[in-house]
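Okay, here's what each chain looks like letter by letter:
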Amino acid sequence: MQPTANFHYRPLWDPQHALYDKRRTALVMADWYSFKDPRHYYYGVYTMTRARQGEGADRQFEFAEKRQLLAQADAGVRESLQQVLVPLRHYEWGANMNHSYCCGYGYGTAITQPFIYAAMDRLGIAQYLSRVGLQIDANSGRALDAGKEAWLAHPAWQGVRRLMENLFVTKDWFEVFVAQNLVLDGLLYPLIYRHYVNAHSAATGNALAMLTEFMNEWFDENVRWVDATLKTAADESPANAELLAQWYASWRDQAVQA
């Protein structure tokens, strides 16, 4: 449980706040432990679930690599994957940073525990995307370099990158949660892992759908937690509901432009 009393000193980097402080977000809750994770992810359940999913993903990657399903795809398909899918490993790293921030500055273990789970999940997804990039070019690393250059310089990615960097300096951790999970992930995950992957998977012998299946499973699972958390916060008070709507509208407009 998170301690609430008997701290020795305030944080030297932020003396206006206590180490755990409800004022770090504009959202107000009478009981911060009213949040519930519908997945019932206590530590043991979470680690066993991810271990089982990881074993399945590893088998899929081994199957695709053994048969060189991505490396043998048409040059145009491989180039598209380098420019669209591989850059997302940097987006996932940013999502890891944002969830780590929410965990570090959030209030109440009921909500900070799922944040650190999500942070680790995003690192795992970044690693899966890196493995996709390595299979594109037979482990030379050229696809990873091309994906990084696209993330840093290609005009199509600069709006998304700007949003991620703006989130890095957003102080309200619950606003970061809304922007990352409800807005950005809510737009990008269906666009990439359903529409884009479905459109290009056949050209890879359906390896692309197989290697990104975890992302689809994870998103469907994560949505349950996000929806439950937002519902609890909005049901607390009309002021909370209005604040959440304002955050959503602001970040949604920016995301659509990006």
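This text follows the structure it describes.
Residues numbered from 1 in each chain as written. Predicted model: local features only at pLDDT ≥ 70, side-chain atom pairs only at ≥ 80, totals over all residues. Heavy atoms only, no water.

### A few points about the overall build of the chain
Thinking step 1. The secondary structure content of the chain amounts to ten helices and zero strands.
Thinking step 2. Counting from the amino terminus, the chain carries its helices and strands in the arrangement α-α-α-α-α-α-α-α-α-α.
Thinking step 3. The C-alpha radius of gyration computed for the chain amounts to 20 Å, which stays within 12% of the reference 18 Å derived for 258 residues, consistent with globular compactness.
Thinking step 4. By the burial criterion, 48% of the 258 residues in the chain qualify as buried.
Thinking step 5. Taking all contacts inside the chain whose residues are at least 6 apart in sequence as the whole, residues at least 24 apart take part in 77%.
Thinking step 6. Surface summary for the chain: the accessible area is close to 12,800 Å², and the carbon and sulfur share equals 56%. (Helix = DSSP H or I, 4+ residues; strand = E, 2+ residues; numbered from the N terminus. Rg over C-alpha atoms; globule rule 2.2 N^0.38 Å. Buried < 20%, exposed > 50% of the residue type's maximum accessible area, 1.4 Å probe, protein only. Contact = heavy atoms within 4.5 Å. Areas by Shrake-Rupley, 256 points an atom, 1.4 Å probe, with all protein chains shown as cover.)

### Some remarks on unusual backbone geometry
Thinking step 1. Even without a glycine there, the phi angle at Ala138 is positive, about 60°.
Thinking step 2. If you trace the backbone, Ala138 turns up in the loop between helix H4 (109–136) and helix H5 (142–153).
Thinking step 3. Under the relative-accessibility criterion, Ala138 is labelled exposed at 57%.
Thinking step 4. Notably, Asn139 is not glycine yet its phi reads approximately 65°, a positive angle.
Thinking step 5. For Asn139, the location among the structural elements is in the loop between H4 and H5.
Thinking step 6. Note on Asn139: relative accessible area 46%, which makes it partly exposed.

### Some points on the packing of aromatic side chains
Thinking step 1. Following the criterion strictly, the structure yields 21 aromatic pairs and no others.
Thinking step 2. Taken together, a centroid distance of 5.6 Å and an interplanar angle of 70° make the contact between Phe115 and Phe177 edge-to-face. Taken together, the residues Phe115 in helix H4 and Phe177 in helix H7 (residues 173–200) connect sequence positions 62 residues apart. Accessibility classification places Phe115 together with Phe177 in one group, the buried group.
Thinking step 3. Relative to Phe214, the ring of Tyr128 has its centre 5.5 Å away and its plane inclined at 65°; by these criteria the two rings are edge-to-face. Of this pair, Tyr128 sits in helix H4 while Phe214 sits in helix H9 (residues 213–236), and the two are 86 residues apart along the sequence. (Phe/Tyr/Trp six-rings, centres within 6.5 Å; stacked < 30°, edge-to-face > 60°.)

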